[in-house]
Amino acid sequence: MNPTITVTDQDDEQDAGKVPARRMSLPGDPEDMLIDEACRELRLPAFRERFIDLAATARREQATYKQFLLDMLQAEQFGRDLRRQQRLLRLARFPRPKRLEDFDFAKNPNVTPEVVADLKSPTWVREGRPLVLIGDSGTGKSHLLIGIGTAIAETGLSVRYTTTSALVNELAEADANRRLSSVIARYSKIDLLCLDEFGYLNLGRKGAKLLFQIFTEREERKATAVATNSPFTEWDKTFGDARLCAAIADRITFRCTLIQTGTDSYRYQTTQEFLFPTAD
């Protein structure tokens, strides 16, 4: 005989003498295969994976049907949230994993932990506010950019990371193939666009005009975060046109959060500590 468990719903306890107790199948019953097939058909992978263990737990703890159902639904919900996070992180195309929890604030006192912690919340992204990270090479700009993007993706919003030159090249290729409108439309739908190495290379007037269209489409609707080693006063060298530079800067800096990471290279400090460790 297959093992079974009697689970009485708390709402029916007062009528237990009139209504026969309901029975729930346990692992090993023929119903297991039917449940497995139903979960496949209904696309409930977490439900399918967990139902035997949760049924055994319900039997052991004498759980009600409602509690068992709630446990199963929460398991499926958690599984879906996790899969969505993983999918959004893949779509973000981060070049390497970086998390804000791993950022060493002690080695860069210019960066305020409280400000960075606020950026983990999706509020500023939903409001379409920009983020600007300015500092010399090795000061943690990319780490913060990727870490913030990762945190936002894990809240369920769409994120895309790219270097500025790669984006301009993509736009130029799309323009040459008469696909520019569709590419700009695709970028205009992303909740947070993370542009790294902003201002590293001279984009020229054409490249600047293409990039300007991205900022115009996203202005005050979608959030854009840029990491640059160039101060605002030097941006005209990147774009090659003072008026176009001013228009782009205006869109990036309006209602923006500005983080200045300074000039002391974090990577240089780490290398120095590795090569010349301080004796205890």
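Refer to the structure above for everything that follows.
This is a predicted model, so every value here is computed, not measured.

Here's the deal with the overall build of the chain
Okay, so step 1: Counting secondary structure elements, the chain contains 12 helices and 7 strands.
Okay, so step 2: Considering the chain as a whole, with its 280 residues, one finds that 39% of them fall into the buried category.
Okay, so step 3: Put simply, 79% of the contacts in the chain that link residues at least 6 apart link residues at least 24 apart.
Okay, so step 4: Accessible surface computed for the chain: about 16600 Å², of which carbon and sulfur atoms make up 50%.

A short note on the pattern of salt bridges
Okay, so step 1: All told, the structure shown has 11 salt bridges when counted by the stated rule.
Okay, so step 2: Asp36 is paired through a salt bridge with Arg48; the nearest N and O atoms lie 2.7 Å apart. Pair noted here: Asp36 is in helix H1 (residues 31–42) and Arg48 is in helix H2 (residues 45–61), with a separation of 12 residues, a long-range link.
Okay, so step 3: Close ionic contact of Glu76 with Arg80 constitutes a salt bridge, the shortest N to O distance being 3.3 Å. Here Arg80 and Glu76 lie together in helix H3 (residues 65–92), a separation of 4 residues that amounts to about one turn.
Okay, so step 4: You can call Arg80 partly exposed: its relative accessible area is 43%.
Okay, so step 5: One continuous salt-bridge network, built from bridges that share partners, spans Arg99, Glu101, Lys120 and Glu154.

Some details on unusual backbone geometry
Okay, so step 1: Phi at Arg178 takes a positive value of approximately 60°, unusual for a residue other than glycine.
Okay, so step 2: Mapped onto the elements, Arg178 comes out in the loop between helix H7 (164–176) and helix H8 (180–188).
Okay, so step 3: In this structure, Glu197 takes a positive phi of about 55° despite not being glycine.
Okay, so step 4: Tracing the sequence through the fold places Glu197 in strand S5 (residues 192–198).

Section: the packing of H7 against H8
Okay, so step 1: Interhelical geometry of H7 versus H8 gives an angle of 145° and a closest axis separation of 7 Å. Together, Leu167, Glu170, Leu171, Ala174 and Asp175 of H7 and Leu180, Val183, Ile184, Arg186 and Tyr187 of H8 make up the contact between the two elements.

Here we look at the sheet that holds strand S7 (residues 257–262)
Sheet strands associate in pairs through backbone hydrogen bonding, adopting either a parallel or an antiparallel arrangement.
Okay, so step 1: Strand order in this open sheet of 5 strands is S4-S5-S6-S3-S7, and the pairing throughout is parallel. Across the chains shown, the open sheet's two edge strands, defined by having one partner strand only, are strand S4 (159–163) and S7. Strand-to-strand twist in this sheet, taken as the mean axis angle between neighbours without regard to direction, amounts to 15°.
Okay, so step 2: Helix H6 (residues 141–153) contacts strand S3 (131–135), S4, S5, strand S6 (223–228) and S7 of the sheet and is inclined by roughly 170° relative to S5.

Points about the nonpolar core
Okay, so step 1: Membership of the largest hydrophobic core comes to 28 residues, with the highest contact counts inside it found for Leu171, Leu195, Phe198, Leu211, Phe239 and Ile252.
Okay, so step 2: Listing elements by their share of this core, those giving two or more residues are S3, H7, H8, S5, helix H9 (204–218), helix H10 (235–239) and helix H11 (242–253).
Okay, so step 3: Dropping the residues within four chain positions of it, Phe239 is found in contact with Phe198, Leu203, Gly204, Arg205, Ala208, Leu211, Cys245 and Ile248.
Okay, so step 4: In terms of nonpolar packing, the next biggest core, distinct from the first, is built from 27 residues, Ala92, Phe103, Leu131 and Val159 among them.

Digging into H11
Okay, so step 1: The first and last C-alpha atoms of H11 sit 16 Å apart over 12 residues, in line with the 16 Å expected at 1.5 Å per residue.
Okay, so step 2: Of all the positions in H11, only Leu244, Cys245, Ile248, Ala249 and Ile252 are classed as buried. Down the axis of H11, the buried side of the element spans an arc of 130°, and every buried residue falls inside it. Opposite the packed face of H11, turned more than 90 degrees from it, sit the exposed residues Ala242 and Arg243.
Okay, so step 3: Where H11 is buried, its residues contact S3, S5, H9, S6 and H10.
Okay, so step 4: Once H11 ends, the next one or two residues include Arg255, with phi positive near 60°.

Side note on the packing of aromatic side chains
Okay, so step 1: Throughout the structure, instances matching the rule amount to 6 aromatic pairs.
Okay, so step 2: Judged by centre distance (6.2 Å) and plane angle (75°), the ring pair of Phe198 and Phe215 falls under edge-to-face. One end of the pair, Phe198, is in strand S5; the other, Phe215, is in helix H9, and 17 residues separate them in sequence. Assigned by exposure class, Phe198 and Phe215 land together as buried.
Okay, so step 3: Relative to Phe239, the ring of Phe198 lies with its centre 5.7 Å away and its plane at 55°, an arrangement referred to as tilted. Linking Phe198 in strand S5 with Phe239 in helix H10, this pair joins segments that are 41 residues apart in sequence.

What counts, and at which threshold
Residues numbered from 1 in each chain as written. Predicted model: local features only at pLDDT ≥ 70, side-chain atom pairs only at ≥ 80, totals over all residues. Heavy atoms only, no water. Helix = DSSP H or I, 4+ residues; strand = E, 2+ residues; numbered from the N terminus. Buried < 20%, exposed > 50% of the residue type's maximum accessible area, 1.4 Å probe, protein only. Contact = heavy atoms within 4.5 Å. Areas by Shrake-Rupley, 256 points an atom, 1.4 Å probe, with all protein chains shown as cover. Salt bridge = Lys/Arg side-chain N within 4 Å of Asp/Glu carboxyl O. Axes fitted to C-alpha atoms, helices over the stretch in contact; angles between N-to-C directions. Pairing = 2+ DSSP bridges. Core = buried A, V, L, I, M, F, W, Y, C linked by side-chain atoms within 4.5 Å. Expected span 1.5 Å × (residues − 1). Arc of directions from axis to C-beta. Phe/Tyr/Trp six-rings, centres within 6.5 Å; stacked < 30°, edge-to-face > 60°.

These figures capture arrangement, not role.
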